[in-house]
Amino acid sequence: MNVLETSVMQGFIRMADDGWQQGWHERNGGNLTYRMKPEEVEQIREELQDNQPWQDIGASVPGLSGEYFIVTGSGKYFRNISLFPEDSCAIIEIDKAGERFRICWGLAGGGRPTSELPSHLMNHEVKKALTGGKHRVIYHAHPANTIALTFVLPLEDQAFTRELWEMATECPVVFPDGIGVVPWMVPGGRDIAVETSKLMKQYDVAVWAHHGLFCSGEDFDLTFGLMHTVEKSAQILVKVLSMTGSKRQTIQPDEFRSLAKDFHVTLPEKFLYEK
Ligand code: 13P
Ligand code: ZN
């Protein structure tokens, strides 16, 4: 089957284009990866090359041995993904040791997978193990309101989680585990990958200070929805802080506890501190 006609590739392209339309992907900003299901690989087996050179991942991910991923290319523009997916994206295979990858399809005009591949793969490895294989999508974007907040809120999980939960009643239901915060770090390397994957053991969302957001989820809808919800909440907070330095009223810790009960989620008490 033609790769571009598969529902998984169409879902990948649609999500990337939705992100572009939200304004989260200036130039080549952001990247998206998806861990393919075995049946999705089989569907396109005859389209996959197996003669490209193996290249170092820059991280060790033995838990992803033999897996296939759809990935965005480094330096490629999200704006172009829906128009030229075969040039902007690739399918890669991970070797048995989880040390190297090779390109099996795509990047038709040349290039390599996203520079954030170490972060994506280390986080896929963590999430695959923690969710029994359910999480398949890792998404990094540059949403402006969330980034703006990293200049004014303390760079702490507690502060980000509580402030964003307060901005929209359904936020604690969408990300009940909270949000992790990675301090400013050089992008694209192993160090930021290690710091992010530590946080992703607890959370599905991590903020990269002065840079962007990093989300993990089961499928395209849930992962896009998570990014969208966090950024919408950040947008409300930016409006509130722009109108007035302080809130006149907000959702209280006991109200969060009642919400948790009715919506059957567990909200860690560390986020429900008295202010
Ligand atoms: P890539 O173009 O290599 O994916 O990098 C974009 C980015 O957002 C880095 O954090
Ligand atoms: Zn980035």
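I will try to describe carefully the structure that is included in this document. This structure is a prediction, so every number in the text was calculated from the model and none was measured.

## Considering the coordination of the zinc ion (ligand 2)
Then step 1. Bound to the zinc ion (ligand 2) are the protein donor atoms His 140 (NE2), His 142 (NE2) and His 211 (NE2), situated 2.1 Å from the metal.
Then step 2. Spacing between the donor residues of the zinc ion (ligand 2) along the chain follows H-x1-H-x68-H.
Then step 3. Judged by its relative accessible area of 1%, His 140 is buried.

## Thoughts on the nonpolar core
Then step 1. The biggest cluster of nonpolar side chains holds 65 residues, and the ones touching the most others in it are Ile 91, Tyr 139, Leu 164 and Phe 175.
Then step 2. The element contributing the most residues to this core is helix α10 (residues 220–243), with 8 residues.
Then step 3. Once residues within four sequence positions are removed from consideration, Ile 91 is found in contact with Val 3, Met 9, Met 36, Ile 44, Leu 48, Tyr 68, Phe 69, Ile 70, Arg 102, Ile 103, Cys 104 and Trp 105.
Then step 4. Residues Phe 69, Ala 90, Ile 92 and Met 122 belong to the second largest nonpolar core, which totals 16 residues.

## Re the packing of aromatic side chains
The relation between two aromatic rings is expressed through the spacing of the ring centres and the mutual angle of the planes.
Then step 1. Inspection of every chain in the model, using the stated rule, returns 7 aromatic pairs.
Then step 2. Taking the centre distance of 6.5 Å and the plane angle of 50° together, the rings of Trp 24 and Tyr 139 count as tilted. Of this pair, Trp 24 sits in the loop between α1 (7–22) and β1 (31–35) while Tyr 139 sits in strand β6 (residues 137–141); the two residues are 115 residues apart in sequence, bridging distant segments of the chain.
Then step 3. With relative accessibility at 3%, the residue Trp 24 sits in the buried group.
Then step 4. Classification of Tyr 139 as buried rests on a relative accessible area of 0%.
Then step 5. Their ring planes at 25° and their centres at 5.0 Å tell us that Trp 208 and Phe 214 sit as a pair that is stacked. Of the two residues, Trp 208 and Phe 214, neither departs from the other in class, the shared state being buried.
Then step 6. Stacked on the ring of Tyr 273, the Lys or Arg Arg 162 has its end atom at 5.0 Å from the ring centre.

Conventions used here
- Numbering of residues starts from 1 in each chain and follows the order in which that chain's sequence is written.
- All chains are assigned letters beginning at A, and all ligands numbers beginning at 1, according to the order in which they are written.
- Local features in a predicted model are, by the rule used here, given only for residues with pLDDT of at least 70; side-chain atom pairs are given and counted only at 80 or more, and totals for whole chains, interfaces and linings are based on all residues.
- Calculation of side-chain values draws on the structure's entire complement of heavy atoms; hydrogens and water are dropped beforehand.
- Listed donor atoms are N, O and S within 2.8 Å of the metal (Na, K and Ca: 3.2 Å). As water is not included, a site may look incomplete.
- Three exposure classes are used, based on accessible area relative to the maximum for each residue type with a 1.4 Å probe and protein chains only: buried under 20%, partly exposed in between, and exposed over 50%.
- Put simply, a nonpolar core is a bunch of buried Ala, Val, Leu, Ile, Met, Phe, Trp, Tyr and Cys residues held in one set by side-chain atoms that sit within 4.5 Å of each other.
- Put simply, DSSP marks the helices as runs of H or I at least four residues long and the strands as runs of E at least two long, and each gets a number from the N terminus on.
- The contact criterion used is simple: two residues touch if any of their non-hydrogen atoms lie within 4.5 Å.
- For this analysis, a ring pair means two rings from Phe, Tyr or Trp (six-membered ring only for Trp) whose centres lie within 6.5 Å, classed as stacked if their planes differ by under 30 degrees, edge-to-face if by over 60, and tilted for the remaining angles.
- By definition, being over a ring means that NZ of Lys or CZ of Arg is both within 6 Å of the ring centre and within 35 degrees of the ring normal.

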